[in-house]
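# Observations on the three-dimensional arrangement
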Amino acid sequence: MKRNGRKENRMKKRRILAIMMSVIMGIGMLAGCGKKEAEGGLEKTEENSEKKEGNSKKTDGEKKQITMWFWGAATDYQETMKNVLYSWYNDSQDEYELVLEFRNTVDTDIPVALAAGNGPDIVYASGPSYTSKYVEEDLVLKLDDYAEQYGWKDRVLSVMYDSLTLDGSLYSIPGGMCVGGLYYNKELFKKQGWEPPVTWDEMMDLLDKAADLGIYPLGAGNKGWKPCNDHFSSMIINHYAGADLIYRVLEGEDSFDNPAMAEAVDITKEWYDKGYLSGEDYVNLDSQEVIQLLADERCAMVMAPTLYTQFVGQSFMGADVDNVGFISMPSRNTEQAVYDVSINSNFSINSKTEYAEECAKILDYMLTSDFAASMTKGWPGYWTTPIKEMSDYDGSDMSGLAKLSYESVQAAIKQIDQGYFAYHPATFFPAATLTAFEDVDTVWQGVVTPEDFCRTVAAELDAEIAGGKTCPLVEPKTD
Amino acid sequence: MEMKTVKIKKEKGVNRHKRAGTLTYHLLSLPAVLLSGLIILIPAVQTIYSAFTTWNGISDDKVWVGLQNFRELFQDWVFWRAVMNNLKWTMLFVTVPVMIAMTAAVIMARFHIGSKSFQAVYLIPYLLAPTTNAIIWLNMIFSPNGGLIGFMQKLGWQLTSPLGNLDTALIGVAMVDIWHYWGFLTVIYLAALRQTPGDQIEAAAIEGASGWQTFYYVYLPNIMPTVRLMFILITIYSFCTYDYIYLMTSGGPAHATEVLSTYAYSMAFSAFKFGKAAAVSLVIGVFGCIAAFFYTWFSRKEALE
């Protein structure tokens with residue numbers, strides 16, 4: 001009996017404890033909600049007070065913050081960006097403060113934040129295909145007035161400027177321009193008695209010689225960044241079939257599903273099958289390792305956009321940097337140097353920002369040779385701003401990687417301005433088409449035929465052209 | 001009459017007791033129900049709705065397209081490749097790490113020498129972040145530049161990374177995930193094995209049972225509930241797998257390692273087809289529900305037994 005009584009008491013205590021716990025948890029949750037609401041209220045209050053401050057002048061000595069998100073670059077490069085952009089702007093006045101935030105997941109963070117009505121004041125995008133989504137939803141501002149105020153149209157290369165417009169209006173400015181070409185190791189070329197190729201046939205001959213030597217003809221790889229597929233495939237397509245092929249396809253004059261395109265895609269497969277693109281190690285090499293192969297004389301050349309210059313410094317130490325050369329990729333149909341152009345980033349202004357004027361001022365600075373040169377010195381290869389004044393910029397104070405980066409792009413700008421360029425899919429293909437195009441490795445691996453691949457890409461592109469998702473294009477020269 | 005009154009009072013007392021018990025259960029389950037409702041149910045309903053729309057992930061407008069997303073998915077060979085890869089992944093995970101972990105756990109349960117230090121070592125991969133594990137394997141093992149494979153190649157061995165080949169890429173990634181996961185499974189099995197009554201093990205020894213017979217007739221029946229539970233959890237986990245595949249191959253080469261979650265991710269964040277991505281997520285959810293159903297069924301069966 002006594003034992004039963006004790007048992008009952010224990011049960012009772014447990015029940016009471018359980019009820020108390022539930023009540024505490026419930027209250028805790030409610031309190032949590034309440035706190036959140038209170039915090040939300042506080043945020044609103046702060047926001048309101050900030051708005052009030054925004055209308056008046058500085059009242060309490062605190063600067064108004066202009067936010068800008070960027071991808072999670074290496075620490076040294078982050079420092080360069082802070083030293084150049086952040087310092088320039090924050091030292092230029094004392095009412096606002098530019099706050100830079102580096103995020104590894106910036107490409108997914110920004111659309112989510114913008115959709116929720118938040119996000120940074122200056123909106124980064126990894127290409128116009130991202131921005132076009134924001135434009136559709138009025139999440140970024142039209143920049144036409146600022147373009148006129150600052151004369152951006154006359155300053156930016158027209159092929160780049162036009163690619164950032166939709167329905168005749170400008171929505172972003174370019175960050176860095178990448179031009180495709182061939183990196184080569186001068187020391188290796190000297191040892192082998194090779195000359196940098198000028199014609200298509202010379203290039204093919206060199207690739208075969210490198211293969212005979214037992215090294216990779218071209219260093220290439222997509223480890224860690226599958227979209228790299230589009231670099232290599234589009235360069236082969238553009239220089240084999242001619243720069244106008246992708247232009248006509250994007251203009252809707254030809255379908256992507258056409259025999260010339262299928263033939264060019266088939267050539268990319270032929271190169272892959274012959275092991276020109278790092279053989280079976282294609283998926284095991286990232287951009288840095290590809291440059292390391294070049295430094296180790298294990299590949300003859302690297303076919304890539306100038307974005308890769310940022311990796312050169314870690315493999316070619318010190319004076320070895322001078323061993324790296326960069327030339328345009330020879331074309332089959334022209335002797336002119338033709339550069340594949342793309343934008344590695346572009347910047348818009350959040351339609352919800354209260355500081356649009358200030359954001360435009362910052363964007364304008366990013367389109368100056370002072371910014372481009374300062375950034376190139378600290379972060380060679382990435383900040384090659386596509387502005388016309390860079391072609392006349394005196395780069396005598398540049399050395400090493402910065403010099404390589406500056407000289408390669410300076411040569412390219414002259415050619416591009418004359419119409420000798422080709423379109424790179426990463427910038428000029430709309431999102432779904434680009435995703436389909438990046439699947440070109442399905443052709444290389446024999447999973448689908450070039451014709452089937454072209455049909456799939458064509459289906460996406462046709463739908464996106466019909467939806468007005470392509471940008472206006474300048475016709476490239478082909479003679 | 002008195003007897004009747006006492007009986008009624010007793011019944012009332014029992015009913016009150018029952019009601020109080022039910023109320024306690026309800027109160028106790030309330031936080032979980034609220035959390036599930038807010039964090040799981042609302043997004044789940046939104047995802048289900050989005051699967052029948054063409055939503056770009058940013059816009060407020062979701063255009064209802066009925067079953068179009070599903071029709072397109074079922075006609076896409078990449079989708080079926082992803083489904084097959086998920087099934088292969090599940091098959092690999094319900095066998096290979098289970099066998100490795102079971103063997104290790106039995107050995108440690110029977111022979112205690114060095115088991116503590118061994119336990120510390122095999123748990124290390126599980127404690128490391130997937131990114132770290134992926135970088136270790138990609139750069140220190142599979143890399144032809146500075147990795148083990150590159151080193152072996154220099155010694156004249158004709159070795160290549162499994163990730164570059166369509167036939168071996170999935171196994172290559174699974175191998176890394178298994179390397180990270182088996183230690184955790186071992187801990188679970190070892191904990192279950194240690195619950196086996198000592199008198200049963202002694203009786204088996206007295207009867208002259210071999211090691212295999214002791215495992216099969218004594219240990220295994222005792223740990224069967226744990227084995228079943230882990231089987232279900234591994235199945236659910238396999239259909240949601242994402243991290244190692246995304247980190248190591250992003251679904252390539254040529255979709256050889258594509259699984260439903262990586263397929264949904266690229267559909268959403270590369271092509272901005274969130275509606276279609278939601279449809280893929282729904283398919284993942286269906287597989288998860290099937291596994292969850294079996295889990296519940298097993299649990300109830302065990303409770304009844």
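Residues numbered from 1 in each chain as written. Chains lettered and ligands numbered in written order. Predicted model: local features only at pLDDT ≥ 70, side-chain atom pairs only at ≥ 80, totals over all residues.

## Considerations on the overall build of chain A
Scanning chain A for helices and strands turns up 21 helices and 13 strands. When burial is assessed residue by residue, chain A has 48% of its 479 residues classed as buried. The contacts in chain A between residues at least 6 apart in sequence include a share of 78% that link residues at least 24 apart. (Helix = DSSP H or I, 4+ residues; strand = E, 2+ residues; numbered from the N terminus. Buried ≥ 20, exposed ≤ 12 C-beta atoms within 10 Å, placed from the backbone. Contact = placed C-beta atoms within 7 Å.)

## So, the overall build of chain B
Summing up its helical and strand segments, chain B has 13 helices and two strands in all. By principal-axis analysis of the C-alpha atoms, chain B measures approximately 95 × 70 × 30 Å. Out of the 305 residues belonging to chain B, those deemed buried represent 34%. Contacts in chain B between residues at least 24 apart in sequence constitute 65% of all its contacts with a sequence separation of at least 6.

## Structural notes on the interface of chain A and chain B
Taken together, the contact pairs 33 residues of chain A with 32 residues of chain B. Here the element with the most residues in the side of chain A that touches chain B is helix α1 (residues 2-55) of chain A; it accounts for seven residues. Looking at the side of chain A that touches chain B residue by residue, the classes come out as 14 nonpolar, eight polar and 11 charged. (Nonpolar A, V, L, I, M, F, W, Y, C, P; charged D, E, K, R; others polar.)

## Digging into the domain arrangement of chain A
All names here are of chain A. The domain architecture assigned to chain A consists of domain 1 (64-176 + 344-392) and domain 2 (177-342 + 395-466). Taken together, the 23 residues of domain 1 in the interface contact 29 residues of domain 2. Among the elements of the structure, α4 (128-136), α7 (158-163) and α16 (369-378) are those that each provide at least two residues to the side of domain 1 that touches domain 2. Taken together, the residues that form the side of domain 1 that touches domain 2 break down as 10 nonpolar, 11 polar and two charged. (Domains from an automatic or database assignment.)

## Description of the environment of M329 of chain A
All names here are of chain A. Structurally, M329 is set in the loop between β10 (324-327) and β11 (339-343). Assessed through the 23 C-beta atoms surrounding it within 10 Å, M329 is described here as buried. What M329 contacts, discounting residues up to four positions off in sequence, is G180, G181, L182, M235, H239 and M303.

## Concerning the pairing of strand β3 (residues 122-125) of chain A
All names here are of chain A. Alternating positions in β3 separate into two faces, I122 and Y124 on one and V123 and A125 on the other, with burial throughout. Where β3 and strand β12 (residues 346-349) come together, four bridges link them in antiparallel fashion. Each bridged residue has a counterpart across the sheet, and for Y124 the counterpart in β12 is F347. (Pairing = 2+ DSSP bridges.)

## Here we look at the domain arrangement of chain B
When the domains of chain B are assigned, the result is domain 1 (2-50) and domain 2 (77-304). Of note, the centres of domain 1 of chain B and domain 2 of chain B, computed from C-alpha atoms alone, are 38 Å apart.

## Thoughts on the nonpolar core
Y183, L218, V302 and M303 of chain A together with A105 and V280 of chain B are the most contacted members of the largest nonpolar core, which has 204 residues in total. Here the element with the most residues in this core is helix α8 (residues 169-193) of chain B; it accounts for 13 residues. (Core = buried A, V, L, I, M, F, W, Y, C linked by C-beta atoms within 7 Å.)

## With respect to the packing of helix α9 (residues 198-206) of chain B against helix α10 (residues 211-240) of chain B
All names here are of chain B. Where α9 contacts α10, the two axes come as close as 10 Å, and the packing angle between them is 150 degrees. Regarding the angle of α9 to α10, the classification is roughly antiparallel. You can see that α9 and α10 cross each other, and the crossing is right-handed. Taking contact as the criterion, the partners of Q200, I201 and A204 in α9 are, on α10, T214, Y217 and V218. Split by residue class, the contact of α9 with α10 holds four nonpolar, two polar and no charged. (Axes fitted to C-alpha atoms, helices over the stretch in contact; angles between N-to-C directions. Parallel < 35°, antiparallel > 145°, perpendicular 65-115°, else oblique. Left-handed = near helix turned anticlockwise from the far one by under 90°.)

## Things to note about unusual backbone geometry
Residues G252 of chain B and P253 of chain B are joined by a peptide bond in cis, for which omega reads -5 degrees. For P253 of chain B, the position within the fold is in the loop between α11 (243-248) and α12 (260-269). Backbone geometry at S278 of chain A places phi at a positive 65 degrees, although glycine is not the residue there. Looking at where S278 of chain A falls in the secondary structure, it is placed in the loop between α12 (259-273) and α13 (287-295). Assessed through the 27 C-beta atoms surrounding it within 10 Å, S278 of chain A is described here as buried. Backbone geometry at E297 of chain A places phi at a positive 60 degrees, although glycine is not the residue there. Considering the arrangement of structural elements, one finds E297 of chain A in the loop between α13 and β9 (299-305).

## Structural notes on α12 of chain B
Along an α-helix, residues three or four apart share an orientation, since each turn contains 3.6 residues. When you tally the buried positions in α12 of chain B, you get nine out of 10 residues, the bulk of the element. Listed as buried for α12 of chain B are L260, S261, T262, Y263, A264, S266, M267, A268 and F269 of chain B.

## With respect to the environment of A277 of chain B
All names here are of chain B. As for its placement among the helices and strands, A277 is situated in helix α13 (residues 274-304). The exposure class assigned to A277 is buried, which follows from the 25 C-beta atoms found within 10 Å. For the pair A277 and Y126, spaced 151 residues apart in sequence, the C-alpha to C-alpha distance is 30 Å. In contact with A277, not counting residues within four places along its chain, are A264, M267 and A268.

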